[in-house]
Amino acid sequence: MFVITILPALENNYIYLGHHPQKNQAFVVDPGEDGPVRQALAARDCSLDAILVTHRHHDHVDGIPALAKEFSCPVIGPDSERMRIPGLDHGIKGGDTVDVCGLKAEVLATPGHTSGHVSYWFADLGALFCGDTLFSLGCGRLFEGSPRQMWDSLQRLNSLPAETKIYCGHEYSQNHARFALTIEPNNPDLRQRAKDIDHLRAQGLPTLPVTLESERACNPFLRAGLPEIKQSLGLAEAEDAEVFAAIRARKDHFA
């Protein structure tokens, strides 16, 4: 069985290493730097079989050249961002399926943060690697896409099974919890999640993975279509995507 290990990197990034101890296989998702990956592989006496990329931003790809050169492994990522992803071997798009160390991963188109952003859904692992589209209690900034695009991307992710484990690109949960409480201060699930996040961070532990079920109960960006959210924002008659856009705009100006 593959074990997913969280590798902290840079200021607040997470790199994910999937490793099968018996088969000695490994893949990595979004290596923003190569050092943590090298150390993790050396500790497991393991080579690297594949590199998966969700989008082109440097803090998700800068470790690729050194890793690809050392391990001669394929680099898989969004074809539309090929020119900005170093050493991309296999360009993919939403609707594709990729074979990674014998595992099947469904590629989901999740534009919004960047125009070509993709996410990887491993049904056998119950794991979603969603880069900078969905965060715990948050979502990515709209650098290239529209609010409608991001809302549609979030709904695509929200259609996955409730027990899905979410592995996103950054440790932003405390800040997102503070913001989410400005939208739903009386949400008991959110209040508990915020306490759990503070407890984990006080111990220096990641707040991930988190289940999609938890996010459905707490994340204002997934909950933008609910009548109580619309009512509280004075947008009772607005379309879901408009409410999402209003919440995203508030977050953009939240300290």
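Placed above this text is the structure.
Residues numbered from 1 in each chain as written. Predicted model: local features only at pLDDT ≥ 70, side-chain atom pairs only at ≥ 80, totals over all residues. Heavy atoms only, no water.

Caption draft 1: Seen up close, the overall build of the chain. Within the chain, the secondary structure is distributed over nine helices and 14 strands. In terms of overall dimensions, the chain is globule-like: its C-alpha atoms have a radius of gyration of 18 Å, near the 18 Å expected for 255 residues. With 255 residues in all, the chain has 53% of them scored as buried. Restricting the contact set of the chain to residue pairs at least 6 apart, pairs at least 24 apart contribute 57%. When the accessible surface of the chain is summed, it comes to about 11,000 Å², and 49% of that surface belongs to carbon and sulfur atoms. Separation of charge centres in the chain, based on 24 positive and 33 negative side chains, amounts to 2 Å. (Helix = DSSP H or I, 4+ residues; strand = E, 2+ residues; numbered from the N terminus. Rg over C-alpha atoms; globule rule 2.2 N^0.38 Å. Buried < 20%, exposed > 50% of the residue type's maximum accessible area, 1.4 Å probe, protein only. Contact = heavy atoms within 4.5 Å. Areas by Shrake-Rupley, 256 points an atom, 1.4 Å probe, with all protein chains shown as cover. Lys, Arg positive; Asp, Glu negative; His and termini not counted. Charge placed at Lys NZ, Arg CZ, Asp CG, Glu CD.)

Caption draft 2: Broad picture of the pattern of salt bridges. On inspection of all chains with the given rule, the structure shows 12 salt bridges. Put simply, D34 and R38 hold a salt bridge, and the shortest N to O gap is 2.6 Å. Note that D79 and R82 form a salt bridge whose closest N and O atoms lie 2.8 Å from each other. Judged by relative accessible area, which is 32%, R82 ranks as partly exposed. It is possible to trace a salt-bridge network through shared partners that takes in D34, R38 and E70. (Salt bridge = Lys/Arg side-chain N within 4 Å of Asp/Glu carboxyl O.)

Caption draft 3: Focus on the sheet that holds strand β1 (residues 3-9). With mixed pairing, six strands are arranged side by side in an open sheet as β1-β2-β3-β4-β5-β6. Each edge of the open sheet carries a strand with a single partner, namely β1 and β6 (90-92). Neighbour-to-neighbour, the strand axes of the sheet open up by a mean angle of 25°, direction not taken into account. Judged from the three bridges that link them, strand β5 (residues 75-78) and β6 form a sheet pairing that is parallel. Across the sheet, residue I76 finds its bridge partner in β6, namely H90. (Pairing = 2+ DSSP bridges. Axes fitted to C-alpha atoms, helices over the stretch in contact; angles between N-to-C directions.)

Caption draft 4: Inspection of the nonpolar core at higher detail. Ranked by internal contacts, the top residues of the largest apolar core, which has 53 residues, are Y16, F27, Y120, F122 and F129. By size, the runner-up hydrophobic cluster in this structure holds 21 residues, among which are I15, L48, I51 and I85. (Core = buried A, V, L, I, M, F, W, Y, C linked by side-chain atoms within 4.5 Å.)

Caption draft 5: Spatial organisation of the pairing of β1. A large share of β1 lies buried, amounting to five of its seven residues. Bridge count for β1 against strand β2 (residues 13-20) is seven bridges, and the pairing is antiparallel. What sits directly across from P8, in β2, is Y14. Counted between consecutive antiparallel strands, the loop separating β1 from β2 contains three residues, among which L10 sits at a positive phi close to 50°.

Caption draft 6: Molecular detail of the sheet that holds strand β8 (residues 103-109). Taken together, the six strands give an open sheet; going across it, the order is β7-β8-β9-β10-β13-β14, and neighbouring strands pair in mixed fashion. For this open sheet the edge positions go to β7 (97-100) and β14 (210-211), each flanked by a neighbour on one side alone. Pairing geometry for strand β13 (residues 165-168) and β14, over two bridges, is antiparallel. Its bridge partner being in β14, K165 is matched across the sheet by T211. Running over the sheet, helix α4 (residues 147-158) touches β8, β9 (118-122) and β10 (127-131) and is turned about 150° from β8.

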